[in-house]
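# Close look at the chain arrangement
Chain by chain, the residues:
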Amino acid sequence: MRKAQLLFLCTNLALVLFAFSSYGQHINELTATLDSTSHQIEIKQRFVYVNNSKTNLSTLYFNDWNNAYANNTTPLSKHFSEDFDRSLHLAKNKERGFTIIKSIVNKEYQGLDWERTNMQDLIKITLEEPLLAGESIELFLSYTVQLPDAKFTKYGHRSDGSYNLKDWYLSPAVFDNEWKLYSNKGLDDIYTGIANTKINFIFPEGFFLASNFDYNLVTSFPDGQQISLSGSNRKNCDILLTIEKQFTKHVTGVLTVTTDIESSKYNEISQGISINKVAHFLDENLGRYPHQNLLVSELEYSKNPLYGLNQLPSFVRPYQEKFQFEMMFLKTTLNSFLQETLFLNPRKERWVNDAIANYLMIKYVEINYPNQKLIGKLANVWGVRGFHLAKMDFNEQYNLLQMLPARRNIDQSLITSNDSLTRLNQKIANRYKAGLGLAYLADYIGEERVDSTIIDFYDVHKLQAKTKVSDFKQVLKQCSDDEIDWFFNEYVSTRKKIDFKIKKLEKTEDSITFTLKNKRKTNVPISLFGLKKDSVVSKYWFSDIDSSKTFTIPRLGEDRLVLNYDQKIPEFNQRDNWKTLNGFFSSNKKLQFRFFKDTEDPYYTQVFYVPIANFNIYDGITPGLRIYNKTFLERQFTYDIAPQYSFLERTMVGNASLRYRKYHGDSKLFVSNYSISGGTNHFQTNSRFTTITPAISFGWRPSDLRSNRRQSLLFRHRNVFRSIDEGVLLDDGIDLDLENNPDYSVFNIRYRNLDNNIVNYKSSLIDFQHSSEFTKLAVELEYRKLYESNRQLNLRFYAGKFLRNKSDSDFFSFALDRPTDYMFDLGYLGRSEDSGLTSQQIIIAEGGFKSQFEDQFGSDWIATTNASFNLWRWIELYGDVGFIGDKDERARFVYDSGVRLNLVTDYFELYFPIYSNNGWEIAQPNYANTIRFVVTISPRTLTGLFTRRWF
């Protein structure tokens, strides 16, 4: 009864707030003919533009998003490059899409002036006379659309002959006090005016058509087909043409769905029952869909899938087919449902749709699958079920994945423009954070209130042009008895973290007094639970805690107080949320040892261990045990201890590190690291080195997190201790005088400025080193340019100078092709070898030469330039030139050249020397011994190659 009254009240309040504006409707009529040979669509378009604003308009803007594929200077191509995707930059002309405008005339058939804006996928039309407020103008447009290859954004023509058409014809930009002009950046967020649209679509025979528009039967004629599509109050017409019939129409009592989403292991009858179940859920919790047909496609699911275990191959998926199918269908249906009916600005206000969609997904699982675990059936597998990950409910993934960028300090506020979000935030984290926000709010003000608000908001604002976030906020506030400005001002509008802690607890027989500390000063409410033997006996909400505040509650038999016990609040750190009333619980958490990395469990002090094995030719394979405390989420303090056993040397080796990392919120100083690390291995037979290095480093990142620019400043003191067999010499007979000088230390300052752009890569490094033996300064500059023709130019310059050098050996000298690596920074497989395969390993450092010279060291200065240019794909020509000098000697000019197989830049490369100071190397004996290679075997480095586009 209370729920019905609340729903009635909120509905009437929303209707009172809503003042219906009688907007004139744009009218859009097209005749479009598809040629499957040329992949072109010839379009004749009649558009009646209605000026619904209060401003006279002398120009109109139309979206021409198909032209975003025209070249490699469009915003779409640049956006791809920022995500380390060079496919559009290197696209062939036949793969590109573009639009050829033939004419734009008014109803008197007078040609109108038009031009493309700098963004290239927007067209500006200049009117003969200003279009008065409330008036309309009739335009006739004739143009040809060359469809792109679908490999770029999945829209266009596919290799199997089918077509995915989206945003394929000209549509009006939105004028809302000013023009909202947004380019296509592959984000499916076109902002266009709603219109009543009719399309006469002509296409070749042999295709089956599905669309989000209403349509009747296809009419066939010789060599072709024709269909009439219509849509009232619609944004755009999506058309899917397939070679085989893939779409099935499901008619439920509340919704008609056309879909090709299916599951091979879930029969058609069961799929129909699940579709009916989802349709009724949406009808009850969102509202009635206002159009005749909803298109729910596999294509749309692939653009926004269920990330995580759901993407594993079908034979290893841990979920029941019913659950898997329903979640896939629910997520895609919700996104399509809201995109077709709620017309907020998708570039600037997408978070509202995301909040509603993910809130309803959370609610669906709570109702229908309350016991569903995050890792599904794997949670019951022996060896897995003990992990905290196995104990997590399915809905806990939302907080886990949205916290992933938050712990790395790369989270972004929900009001961040869609095209300014990093890939991780745009695809996953911000969507989940939005849904969690509504769930948080529902827990605070009452689930019934939020549920009724969603229904009211949708009912009032569906199909309404220029719906705004303020409309959602107003309805939500009217349906709440509590102050909720914090939700919009703190949770939505900022990237502030939520983090509370219980302090100064005192108890009597009747009451408990405690202080809550707001560690991040984010002014949001926090829940407090009283527990007795793991059962909840009390729950409270506290708000308006600026920094700290003291409260008193009645004592009801609690033995523990826990903040955010149900984890409804996306709190940054839950490890300090517990306080016991019977002792020092916070300082006596149980110690938990767990094989392999796990998710963070706030109730335990977690220690992880995992077997490891490394390799170098002196130690051989070194198995060991890595002991660490890092979970899947980033944490401030970490330790990593890895003792290993060297079978060749029959002794212990390994490394260890302690690190404290502090992120600095919105500051341009992004992160500070304080660490001490050490390690010991062998650099020659029965010859050991040990390093101990305290270090401080600082990292800067632009406020635009999509930028790939990074700056870092490192201060470290490298202490090296060595022991060696008598008579052993290193580096082609260089006497290191280890008996008198076995140990040394180097103070090192390094500043790096990196712009890791896949098209224009720039890097600079300044390196200062000081020790008792020497002081030197070096500079390294690197530049890579990727051209449209897939030609890549690589340039590198290195220069170094000893400010003083007291050493009599070349151990600390500059090197042309293989530095001695006295700092033990470089990942040599055979650090001391001057023959054999491992001696041919090259790490581009210092001189960066590829040919090997007898006299490669310089004890005074060095200046070299390395260049390469590709001939075809990964085959390149390289050349190196430079000068190197010893103390009190004339500098030597050196050069080399050859062929580089750049298979994966910086990870796997081969160098074949041809000509150098050594002469024609390719014609000399034992040429195979001169071939050099670059190889990276570090798992962390290799995974970075694939994850860089997400972070």
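Criteria and thresholds
Residues numbered from 1 in each chain as written. Predicted model: local features only at pLDDT ≥ 70, side-chain atom pairs only at ≥ 80, totals over all residues. Heavy atoms only, no water. Helix = DSSP H or I, 4+ residues; strand = E, 2+ residues; numbered from the N terminus. Buried < 20%, exposed > 50% of the residue type's maximum accessible area, 1.4 Å probe, protein only. Pairing = 2+ DSSP bridges. Axes fitted to C-alpha atoms, helices over the stretch in contact; angles between N-to-C directions. pLDDT = per-residue confidence, 0-100. Contact = heavy atoms within 4.5 Å. Parallel < 35°, antiparallel > 145°, perpendicular 65-115°, else oblique. Nonpolar A, V, L, I, M, F, W, Y, C, P; charged D, E, K, R; others polar. Phe/Tyr/Trp six-rings, centres within 6.5 Å; stacked < 30°, edge-to-face > 60°. Lys NZ or Arg CZ within 6 Å of the ring centre and 35° of its normal. Patch = residues over 30% accessible without salt bridge, like charges linked within 9 Å, V, L, I, M, F, W, Y side chains within 5 Å. Areas by Shrake-Rupley, 256 points an atom, 1.4 Å probe, with all protein chains shown as cover. Salt bridge = Lys/Arg side-chain N within 4 Å of Asp/Glu carboxyl O. Lys, Arg positive; Asp, Glu negative; His and termini not counted. Charge placed at Lys NZ, Arg CZ, Asp CG, Glu CD. Core = buried A, V, L, I, M, F, W, Y, C linked by side-chain atoms within 4.5 Å.

## What to know about unusual backbone geometry
In this model, Lys533 sits at a positive phi of 50 degrees, which is unusual for a non-glycine residue. Here Lys533 is to be found in the loop between β24 (526-532) and β25 (535-542). Residue Lys533 is classed as exposed on the basis of its relative accessible area, which comes to 69%. The backbone of Asp888 sits at a positive phi, close to 60 degrees, despite the residue not being glycine.

## Section: the sheet that holds β24
If you trace the four strands from one edge of the open sheet to the other, you get β25-β24-β27-β28, paired in antiparallel fashion. In this open sheet, the two strands that pair with only one neighbour each are β25 and β28 (578-580). With strand direction ignored, the average angle separating the axes of adjacent strands in the sheet is 20 degrees. Here strand β27 (residues 560-563) runs beside β28; their pairing, made up of three bridges, is antiparallel. By the bridge assignment, Leu561 is partnered in β28 with Lys579.

## Structural notes on the confidence of the model for the protein chain
Of the residues in the protein chain, 93% reach a pLDDT of 70 or more, and the chain-wide mean stands at 91. Taken as a whole, residues 1-9 scores under 50 in pLDDT and shows eight contacts with residues more than four places along the chain or in a different chain.

## Remarks on the pairing of strand β40 (residues 792-805)
Of the pairings in the sheet, the one linking strand β39 (residues 774-786) to β40 comprises 13 bridges and is antiparallel in character. Bridge assignment links Glu782 to a residue of β40, and that residue is Arg796. Between the end of β39 and the start of β40, which pair antiparallel, lie five residues, with Asn790 showing a positive phi angle near 70 degrees. Bridge count between β40 and strand β43 (residues 861-872): nine bridges; the pairing is antiparallel.

## So, the packing of helix α11 (residues 469-478) against helix α12 (residues 485-492)
Their axes nearest at 10 Å, the elements α11 and α12 cross at an angle of 140 degrees. When the axes of α11 and α12 are compared, the pair comes out oblique. Each of Val469, Phe472, Lys473, Leu476 and Lys477 in α11 lies in contact with α12, whose residues at this interface are Asp485, Phe488 and Asn489. For the contact of α11 with α12, the class distribution of residues is four nonpolar, one polar and three charged.

## Focus: the packing of aromatic side chains
Using the criterion set out here, one finds 65 aromatic pairs in the structure. Measuring from centroid to centroid gives 4.6 Å for Trp578 and Tyr603, while their planes differ by 75 degrees, and the two rings are edge-to-face. Taken as a pair, Trp578 in strand β28 and Tyr603 in the loop between β29 (590-595) and β30 (604-616) lie far apart in primary sequence, 25 residues in all. Overall, the relative accessible area of 27% leaves Tyr603 in the partly exposed class. Each member of the aromatic cluster is reached from another via a ring pair, and the members are Trp351, Tyr440, Tyr444, Phe457, Phe472, Trp486, Phe487, Phe488, Tyr491 and Trp541. Here the guanidinium or amino end of Lys235 rests over the ring plane of Phe343, the centre of that ring lying 5.0 Å away.

## Some details on a negative patch on the surface
A surface patch of like charges, here negative, comprises Asp113, Glu115, Glu128 and Glu129. Among the elements of the structure, β5 (113-116) and β6 (122-131) are those that each provide at least two residues to the negative patch. Along the chain, Glu115 turns up in strand β5. What makes Glu115 partly exposed here is its relative accessible area of 43%.

## Considering the sheet that holds strand β9 (residues 163-165)
Pairing within the open sheet is antiparallel, and its four strands lie in the order β8-β9-β18-β14. Edge positions in the open sheet fall to β8 (156-157) and β14 (208-211), since each of these has one partner strand only. In terms of strand pairing, β9 meets strand β18 (residues 239-242) through three bridges, oriented antiparallel. Along β18, the bridge assignment pairs Asn164 with Leu240.

## Some words on the nonpolar core
General note: in soluble globular proteins, nonpolar side chains tend to be found buried as a group. Residues Trp351, Ile356, Leu438, Phe514 and Phe542 are the most contacted members of the largest nonpolar core, which totals 98 residues. If one sorts the elements of this core by residue count, helix α9 (residues 423-445) sits on top with twelve residues. Non-local contacts of Leu438, meaning those with residues more than four positions away in its chain, are made with Ala355, Ile356, Tyr359, Val450, Ile454, Phe472 and Phe487. Counting residues in each nonpolar core, the second largest holds 43 residues, with Phe62, Ile125, Tyr169 and Phe207 among its members.

## Examining the pattern of salt bridges
Summed over the entire model, instances satisfying the criterion amount to 54 salt bridges. Among the salt bridges present, the one from Asp411 reaches Lys497, with a minimum N-O distance of 3.3 Å. Placement of Asp411 in the loop between α8 (397-407) and α9 and of Lys497 in the loop between α12 and β22 (500-507) is noted, with a sequence separation of 86 residues between them. Taking the relative accessible area as the measure of exposure, Lys497 reaches 11% and is therefore buried. Of the charged contacts, one joins Lys801 and Asp860 as a salt bridge, the two residues approaching to 3.0 Å between their closest N and O atoms. Taken as a pair, Lys801 in strand β40 and Asp860 in the loop between β42 (857-858) and β43 lie far apart in primary sequence, 59 residues in all. Given a relative accessible area of 38%, Lys801 falls into the partly exposed group.

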